[in-house]
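Listed here are the chains, written in short residue letters.
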Amino acid sequence: MEASDGQPETLPARMLNEFVYCPRLFYLEWVQGEFVESVDTLDGHRTHRRVDEERGSLPKAEEWAEGLKVRARALSLSSDRLGLVAKLDLLEDEEGKACPVDYKRGHGPKDGDGLWDADRIQLGVQMLLARENGYPCERGYVYYAETRQRVPLLWTEALERLITETVVRAREVAAEGRIPAPLVDSPKCPRCSLVGICLPDEVGFLSRGPKEGVSVEVRPLLAAKDDALPLYVHRSATTTSSCRSSRLRTMRCPSTYRLKAPWSPSKAICSRSAREGP
Ligand code: SF4
């Protein structure tokens, strides 16, 4: 089902995680449908391998009772009313309540409540959907695989408000039809799986130029594969393609430019121009 702005009405909790991490990443994935595997995403799949297997079943909300033993993995909860859907890694009982547990690779922050903001929203949406579906949920956990820590999150009115505001903002950004500006000199970018599509430093450099107090240093792109090379195509309306002579061809009407370096189709290009500037 689509909303009137052309976006799917049902927003996955994972996309709200991306939105809080970086609105541009959310836009690239949710609106433009971009996805690229990286070491981090592959490691994330590995962390989820066990919890992604459907096991155990979730009793109906009206059958939930104190003393019931529940351990259900890889289940989906949704709400048409809220326009949200979430895949829960695990939902188990704790002191008569339903507790979602979200598995994450890596570790939580050392300060605050031990949860990254993006993880707080994703787990919060899982708790909201558990409640919306009639389950008694007052608490959830993020399990950080690197430190093997379960970090609790309590259901509060403030958390509910935060989720509501975040959903509204994410829908507005998606409906705007204009990709948000990249983060500036952010440590998040080098590890972002879409850095080669987003090109945060390059877009920032070209759109901002040198400004006092703002770094315009363009950090080098690291190719994800040993045999890949970063390729910068900086003329507008230029496309790239391979040709029979095993050379990479860049085209910009009406001229055709040939790169001097030999190139084989098996050699991946780890970068390409962002579709739209900020
Ligand atoms: S590279 Fe940085 S600015 Fe671009 S989508 Fe990823 S986190 Fe956002």
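Structure: see above.
Remember, predicted model here, so these are calculated numbers, not experimental data. (Residues numbered from 1 in each chain as written. Predicted model: local features only at pLDDT ≥ 70, side-chain atom pairs only at ≥ 80, totals over all residues.)

(A) Quick peek at the overall build of the protein. Looking only at helices and strands, one finds seven helices and nine strands in the protein. Evaluated residue by residue, the protein yields a buried proportion of 27% over its 278 residues. (Helix = DSSP H or I, 4+ residues; strand = E, 2+ residues; numbered from the N terminus. Buried ≥ 20, exposed ≤ 12 C-beta atoms within 10 Å, placed from the backbone.)

(B) Structural context of helix α7 (residues 200-208). Those residues of α7 that fall on the buried side of the exposure criterion are P200, D201, V203 and G204. Projection of α7 onto a plane perpendicular to its axis shows the buried side chains occupying an angular sector of 165°, all on one side. On its buried face, α7 sits against α6 (195-198). (Arc of directions from axis to C-beta. Contact = placed C-beta atoms within 7 Å.)

(C) Seen up close, the site of the ligand. Close contacts around the ligand come from 14 residues, with C22, P182, C189, C192 and C198 the closest. Only α2 (23-31) and α6 provide two or more residues apiece to the shell around the ligand. By residue number, the principal contributor to the shell around the ligand is α2, which donates three residues. For the shell around the ligand, a count of residues per class yields 11 nonpolar, one polar and two charged. Both domain 1 (11-176) and domain 2 (189-262) contribute no fewer than three residues apiece to the shell around the ligand. (Near = placed C-beta within 6 Å. Nonpolar A, V, L, I, M, F, W, Y, C, P; charged D, E, K, R; others polar. Domains from an automatic or database assignment.)

(D) Main features of helix α1 (residues 13-21). Burial analysis of α1 places seven of its nine residues in the buried class, the great majority of the element. Tucked into the core, α1 has its buried residues touching β1 (11-12), α2, β3 (84-94), α4 (117-132) and α5 (157-176).

(E) Local environment of unusual backbone geometry. Located in the positive-phi region is E95, a residue other than glycine, with phi close to 50°. Relative to the assigned elements, E95 resides in the loop between β3 and β4 (97-104). In the Ramachandran plot, R148 falls in the positive-phi region, its phi being about 50° despite a non-glycine side chain. Locating R148 in the fold gives a position in the loop between β5 (139-144) and β6 (149-154).

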